[in-house]
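What the coordinates show
Below are the chains, spelled out letter by letter.
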Amino acid sequence: MNSQNTLIHIRLWHKDFWLLVIADLLLTMSVCGLIPVLPLWLMQTENFSSVETGLSMGVFGVGLYLFGAQCSWLVQRYRRNVVCMWAILLMTVDLALLWYIDGLRSEFVEFWVILLHRLMLGATFGLAQMVLASTLVIDTCESYQRTEANHSAAWFARFALALGPMGGLLAYKLVGFDKMLWGAIGCALLSIVLIKNVKFPFKAPEEGVRVASIDRFLLPSGYVLFVNLLSVGIVMGLLMSLPVSVFFYGLMMVGFILALLAQHFIFRDAELKSEIVSGLILLIAALFVMLEYMNSPVAPILVGLGVGIVSSRYLLFFIKLSRHCQRGTSQSTFFLGWETGLAIGLTIGYALMYGQRDMLLYAALALTILSLLMYHFHTHSWFMNHKNR
């Protein structure tokens with residue numbers, strides 16, 4: 001299990017698996033599309049301050065944890081695919097309410113209303129993703145395919161980090177905020193349709209499952225990996241708080257594709273430590289390029305390449321750290337670490353560093369270097385001593 005690559009099983013890519021990973025892509029796009037667009041609407045249309053905007057973006061990260069402790073009980077008490085679909089449906093209701101608020105042109109929306117909207121969006125998205133990634137994806141494949149299944153599904157969600165903002169910004173500029181919201185709602189509803197068409201084997205509910213537990217929610221033993229991943233997520237959140245163009249996210253998507261190819265060809269037989277170290281060095285290089293020339297087409301490609309390599313390897317580390325019955329919990333912990341980092345980065349970027357590009361980039365650079373040092377001198381050796389697979 002120390003190889004850099006996951007095995008490729010052609011039989012994994014059957015109809016049900018394709019439906020689920022595309023549903024994951026659409027679900028994540030519906031949320032990520034708001035990342036560059038919602039702050040523009042809040043500040044330009046609703047007259048929010050940069051601090052209010054930052055807090056509005058950050059409270060989404062708090063919402064991710066609201067239903068986590070009940071996740072295991074919900075999928076045991078009710079059908080797991082039904083729990084996921086209801087969570088997504090509640091997401092669409094939340095997005096539809098935001099569309100309704102946008103239609104009230106005669107008055108400005110209250111700050112607490114947006115905070116509540118973002119909190120509930122985070123809560124419903126968090127529950128939907130935890131069920132989808134930790135349960136539904138692995139339920140459609142054989143046990144020996146599950147690592148590849150988790151790895152592949154995570155890549156589709158990662159692509160949404162570029163495709164969502166790219167589509168959101170494009171729709172916002174061409175047809176406005178309200179139509180952009182309908183696009184997000186459409187993506188979420190389509191993901192429900194795809195999940196609905198997947199057949200899941202019946203599983204008898206376990207006895208004695210507690211209403212609140214950390215099962216399928218948090219892996220306490222992975223706290224060191226969590227902190228290191230969190231720092232990378234914060235850097236990504238800082239960068240996504242910058243006013244960049246659609247072109248930036250398009251080139252970042254190119255970087256993600258290059259990262260996927262690099263994993264299979266360049267890092268196939270490389271030393272285990274090399275992947276995260278190389279990815280963080282690429283991210284550092286991207287930040288130096290952005291400090292020198294913000295509009296360089298090289299920078300977003302390096303961002304996508306570096307972040308893609310690093311986040312993908314951290315996911316596999318979480319899986320290897322978990323025991324057999326904790327695979328789903330490791331998925332949720334990885335998801336929470338990444339999304340929490342994004343939320344913190346967006347909060348800092350808007351609330352504390354809005355309009356101060358160089359300061360933000362220097363802060364991102366310092367945090368990336370700190371993350372590299374932490375991984376090189378502590379996290380890797382800690383992981384090698386604690387992994388279970």
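What counts and what doesn't
Residues numbered from 1 in each chain as written. Predicted model: local features only at pLDDT ≥ 70, side-chain atom pairs only at ≥ 80, totals over all residues. Heavy atoms only, no water. pLDDT = per-residue confidence, 0-100. Helix = DSSP H or I, 4+ residues; strand = E, 2+ residues; numbered from the N terminus. Phe/Tyr/Trp six-rings, centres within 6.5 Å; stacked < 30°, edge-to-face > 60°. Buried < 20%, exposed > 50% of the residue type's maximum accessible area, 1.4 Å probe, protein only. Lys NZ or Arg CZ within 6 Å of the ring centre and 35° of its normal. Axes fitted to C-alpha atoms, helices over the stretch in contact; angles between N-to-C directions. Parallel < 35°, antiparallel > 145°, perpendicular 65-115°, else oblique. Left-handed = near helix turned anticlockwise from the far one by under 90°. Contact = heavy atoms within 4.5 Å. Nonpolar A, V, L, I, M, F, W, Y, C, P; charged D, E, K, R; others polar. Salt bridge = Lys/Arg side-chain N within 4 Å of Asp/Glu carboxyl O.

Here we come to the confidence of the model for the protein chain. In this model, the protein chain carries an average pLDDT of 92, and 96% of its residues clear a pLDDT of 70 or more. No element of the protein chain has a lower mean pLDDT than helix α4 (residues 71-77), at 89, and none a higher one than helix α3 (residues 50-63), at 97.

This part covers the packing of aromatic side chains. All chains considered together, the criterion is met by 21 aromatic pairs. Relative to Phe156, the ring of Trp18 has its centre 6.1 Å away and its plane inclined at 90 degrees; by these criteria the two rings are edge-to-face. With a gap of 138 residues between them, Trp18 in helix α1 (residues 15-32) and Phe156 in helix α7 (residues 146-175) connect regions that are remote in the sequence. The exposure class of Trp18 is partly exposed, given its relative accessible area of 38%. Three or more aromatic residues joined by ring pairs form one cluster here, namely Trp13, Phe17, Trp18, Trp155, Phe156 and Phe159. For Arg77, the ring lying beneath its charged end belongs to Tyr78, and the centroid distance is 4.9 Å. Over the ring of Trp155 we find Arg158, and its NZ or CZ is 4.6 Å from the ring centre.

Two numbers describe how helix α11 (residues 274-292) lies on helix α14 (residues 357-386): the axes approach to 10 Å, and their chain directions differ by 165 degrees. Relative to α14, the element α11 is oriented roughly antiparallel. In the packing of α11 onto α14, the handedness of the crossing is left-handed. Residues Ile276, Val277, Leu280, Ile281, Leu283, Ile284, Leu287, Phe288, Met290 and Leu291 of α11 touch α14, and the partners they reach there are Asp358, Leu361, Tyr362, Ala364, Leu365, Thr368, Ile369, Ser371, Leu372 and Tyr375. Broken down by class, the residue content of the contact of α11 with α14 amounts to 17 nonpolar, 2 polar and 1 charged.

This part covers the pattern of salt bridges. For the coordinates displayed, the defined rule picks out 4 salt bridges. Its salt-bridge partner being Asp139, residue Arg80 comes within 2.4 Å of it at the nearest N-O pair. With Arg80 in helix α5 (residues 80-103) and Asp139 in helix α6 (residues 111-139), the pair connects residues that are 59 residues apart, well separated along the chain. Each member of the pair, Arg80 as well as Asp139, is classed as buried. Here Glu275 ties to Arg313 by a salt bridge, and the two come within 3.0 Å at their closest N and O atoms. Note that Glu275 is positioned in helix α11 and Arg313 in helix α12 (residues 298-321), a separation of 38 residues in sequence. In this structure, Glu275 and Arg313 share a single accessibility class: buried.

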